[in-house]
Amino acid sequence: MKLLIQELKDRIPDEFIPVSPQESFIDVTLHGVVGDGETNNTARIRDIIAGMKNGGILFFPPGKYVTGSIRLRSNMTLYVSTGAELLASAELDDFPLLTEEAIPDYTRGGRFAIVTAVLARNIVITGGGTIDGRGYNWWQKVPKDHGRPRSIQPILCDNVRIKDITIKNSPSWTVNPT
């Protein structure tokens, strides 16, 4: 654990870690998330994030984690470690629509991205792993520009850093800050 904390400090500047990593480090596999490449972990990951009221580090060790849209909070680091892959779910319902009810005064539409943050500050996405949008599940099913999810979309956010991560097979835009 100490080596991992040091690696995190080497990758993430202090200004991006406003809380102590020891107090807010969450290994998703210790909370029921399964990295078998088949189990849909969307609800479990969302529940974990909902419990991270003050932000922290959401850590994915090596494995293949199927998920729908997850929404990062302020002061949060998504750490997808080397050998870990976030795999986009093929289920349309796992990617809610971006509506004015969901985000007041936001009128661009579309769907929540695989990794979304809204009105958040101090977000980091890093770790050496991969976000695989598995676009082939979307390219035929949903016509272009008709609501395919993006891979990463910080919406009206400040202080966002994306570093040392591979993004591939995005159903739509790869990184789309708005």
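Before reading on, note that the structure itself is shown above.
The following paragraphs examine the structure supplied in this document. (Residues numbered from 1 in each chain as written. Predicted model: local features only at pLDDT ≥ 70, side-chain atom pairs only at ≥ 80, totals over all residues. Heavy atoms only, no water.)

The next subject is helix α3 (residues 42-50). Buried within α3 we find Thr 42, Ile 45, Ile 48 and Ile 49. For α3, the buried positions fall inside an angular range of 130° around the axis, keeping them on one side. Exposed side chains of α3 directed beyond 90 degrees from the buried face belong to Ala 43 and Asp 47. On its buried face, α3 sits against β1 (25-27), β2 (36-40), β3 (56-60), β4 (63-67), β5 (70-72) and β6 (76-80). (Buried < 20%, exposed > 50% of the residue type's maximum accessible area, 1.4 Å probe, protein only. Helix = DSSP H or I, 4+ residues; strand = E, 2+ residues; numbered from the N terminus. Arc of directions from axis to C-beta. Contact = heavy atoms within 4.5 Å.)

Quick look at the pairing of strand β11 (residues 152-155) now. Neither face of β11 is open: one carries Ile 152 and Pro 154, the other Gln 153 and Ile 155, and all of them are buried. As paired strands, strand β8 (residues 115-118) and β11 are joined by four bridges and run parallel to one another. Across the sheet, Val 118 pairs through a bridge with Ile 155, a residue of β11. (Pairing = 2+ DSSP bridges.)

Further remarks concern the nonpolar core. Ranked by internal contacts, the top residues of the largest apolar core, which has 31 residues, are Leu 58, Phe 60, Leu 72, Leu 78, Val 115 and Ile 125. For this core, the secondary structure elements donating two or more residues are α3, β3, β5, β6, β7 (84-88), β8 and β9 (121-126). If sequence neighbours within four positions are ignored, Val 115 has contacts with Ile 70, Leu 72, Leu 78, Leu 86, Ile 125, Ile 131, Ser 151, Ile 152 and Gln 153. (Core = buried A, V, L, I, M, F, W, Y, C linked by side-chain atoms within 4.5 Å.)

What follows is about the pattern of salt bridges. Per the stated rule, a full pass over the model turns up two salt bridges. With a shortest N-O distance of 3.4 Å, Lys 64 and Glu 85 are connected by a salt bridge. Separated by 21 residues along the polypeptide, Lys 64 in strand β4 and Glu 85 in strand β7 bring together distant segments of the chain. We classify Glu 85 as buried; its relative accessible area is 16%. (Salt bridge = Lys/Arg side-chain N within 4 Å of Asp/Glu carboxyl O.)

A cluster of nonpolar residues, Val 160, Ile 162 and Val 175, forms a patch on the protein surface that exposes about 180 Å² of accessible area. Position of Val 175 relative to the elements: it lies in the segment after β13 (166-168). Judged by its relative accessible area of 34%, Val 175 falls in the partly exposed class. (Patch = residues over 30% accessible without salt bridge, like charges linked within 9 Å, V, L, I, M, F, W, Y side chains within 5 Å. Areas by Shrake-Rupley, 256 points an atom, 1.4 Å probe, with all protein chains shown as cover.)

It is worth stressing that arrangement in space is one thing and function is another; only the former is reported here.
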